[in-house]
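A closer look at the structure
These are the residues of each chain, in order.
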Amino acid sequence: MSSFKDFSRYISDNAESLSAEVVESVVQEMNLNIPEWEKERAAGMYIQLLEFFGQALLESGQIEVPDALIEWSKKNAEMQIASDGALSTIVIRYPVTRKVFSEIFTRLSVEFNLTVVDSAKAIQAIHAVLDVSLNETIFAFEQLSERKQAETRIELLNLSAPIVPVLEDVVVLPLIGVMDSYRIAHIMNNVIPRIAEKKVHHVIIDFSGVLTIDDHVALSLQQIGSTLQLMGIHVVIAGLRPDLVQAIVHSGIDMLDTESYATVKQALESVK
């Protein structure tokens, strides 16, 4: 047992040099080109990990993953998301890191004359800790990626139907891209309330940037116009191309009563 205690104490007392060895070995084996600050950050985390790891082996032999490792793992995911990096860039380092730790612990097991059981116990324990770190990284990356995608989707939705003030009581609502049910819902739930807050008298809905319209979308667009009209807002349509007109006619929607102009300029002249 004294050999195992000496082994554990050595890991804790020499955490700094062992951490530097881990980082340099992983960098060399994978031929990584990473900045010095990233190496120092990884080494700093491994120092905390090994100090905690060695102390835990000494006291109880039961290893709980330190908070520092959890935060480091999450930070790795955040950095990848921020730089539009791939999760695989992080994941591929873990097998090599496990291998490097195994080699170091095997070497120390021989030096401290550990039994095969104690050596296996230490190696399995560090592997379990690294597995938790990998899982935390993946979970954090997925959560952050989903959040970023949702934020990007909202930004795109806002860009697909921006509100453009042109006169004191006139705004233009340019519709851009493919109008699907998701974007229609965004207009109904978010854009129309914002138009209402502006207390304008006229809205020019510009279709010149719309790529396609199907029957369902055509009906939804009519509902948008009707909603604005029920709010006492004068609705004018501009920029309907022949293919969009055909799609609206094919849908069976009667829009003959709606003012329509070829361009926004013409529509704007009509409401001045």
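Quick notes on the rules
Numbering of residues starts from 1 in every chain and runs along the sequence as written. The predicted nature of this model means local features are confined to residues of pLDDT at least 70 and side-chain atom pairs, given and counted, to a pLDDT of 80 or more, with totals for whole chains, interfaces and linings taken over all residues. Side-chain descriptors were evaluated using all non-hydrogen atoms of the structure, hydrogens and water having been removed beforehand. Strand pairing follows a simple DSSP-based rule, namely that at least 2 bridges must link the two strands. The numbering of helices and of strands both runs from the N terminus, where a helix is a DSSP run of H or I of at least 4 residues and a strand a run of E of at least 2. Criterion for a salt bridge: a side-chain nitrogen of Lys or Arg within 4 Å of a carboxyl oxygen of Asp or Glu. The classification of residues rests on relative accessible area computed with a 1.4 Å probe and restricted to protein chains. Under 20% of the type maximum is buried, over 50% is exposed, and intermediate values are partly exposed. Patch membership requires more than 30% relative accessible area and the absence of a salt bridge. Residues of like charge join within 9 Å; the nonpolar side chains Val, Leu, Ile, Met, Phe, Trp and Tyr join within 5 Å. Methods summary: accessible areas were calculated by the Shrake-Rupley approach with a probe of 1.4 Å, and residue burial reflects only the protein chains presented. Each domain's extent is set by a domain assignment, obtained either automatically or from a database. When the strands point away from the viewer and the connection leading from the first strand across the helix to the second strand turns clockwise, the crossover is called right-handed. Residue types Ala, Val, Leu, Ile, Met, Phe, Trp, Tyr and Cys, when buried and joined through side-chain atoms within 4.5 Å, form a set referred to as a nonpolar core.

Turning our attention to the pairing of strand E1 (residues 164-167). Both E1 and strand E2 (residues 170-177) contribute to a ladder of 3 bridges, which runs antiparallel. Pairing of Pro 165 across the sheet is with Val 171, part of E2. Hairpin connection, E1 to E2: the antiparallel pair is bridged by 2 residues.

Below, the discussion takes up the pattern of salt bridges. Evaluated as defined, the whole model comprises 9 salt bridges. In this structure, the salt-bridge partner of Glu 29 is Lys 99, at a minimum N-O distance of 3.0 Å. Of this pair, Glu 29 sits in helix H2 (residues 15-30) while Lys 99 sits in helix H6 (residues 93-111); the two residues are 70 residues apart in sequence, bridging distant segments of the chain. In this structure Lys 99 comes out as partly exposed when scored by relative accessible area, which is 37%. A salt bridge links Glu 38 to Arg 93, with the nearest nitrogen and oxygen atoms 3.3 Å apart. On the criterion of sequence distance, the pair formed by Glu 38 in helix H3 (residues 36-59) and Arg 93 in helix H6 is long-range, its members being 55 residues apart. Taking relative accessible area as the criterion, Arg 93 reaches 22% and is therefore assigned partly exposed.

Another aspect to go through is a nonpolar patch on the surface. On the surface, Val 164, Val 166 and Leu 167 cluster together to form a nonpolar patch covering roughly 190 Å² of accessible area. With respect to the element layout, Leu 167 can be found in strand E1. For Leu 167, a relative accessible area of 35% corresponds to the partly exposed category.

Further remarks concern the domain arrangement of the chain. The domain architecture assigned to the chain consists of domain 1 (1-156) and domain 2 (162-271). On a C-alpha basis, the centroid separation for the pair domain 1 and domain 2 is 56 Å.

Side chains on a regular strand alternate between the two faces of the sheet. Counting buried positions over the 5 residues of strand E4 (residues 234-238) gives 4, a clear majority of the element. Remark: the strand E3 (residues 202-210)/helix H9 (residues 215-230)/E4 crossover connection has right-handed handedness.

Let us look at the nonpolar core. If you look at the biggest cluster of nonpolar residues, it comprises 37 residues, and the most contacted ones within it are Phe 7, Ile 11, Tyr 46, Phe 101 and Phe 105. Every element with two or more residues in this core is listed here: helix H1 (2-13), H2, H3, helix H4 (67-82), H6 and helix H7 (116-160). The dominant element in this core, judged by the number of residues it contributes, is H3, at 8 residues. With 29 residues, the next largest nonpolar core counts Val 171, Leu 173, Val 203 and Phe 207 among its residues.

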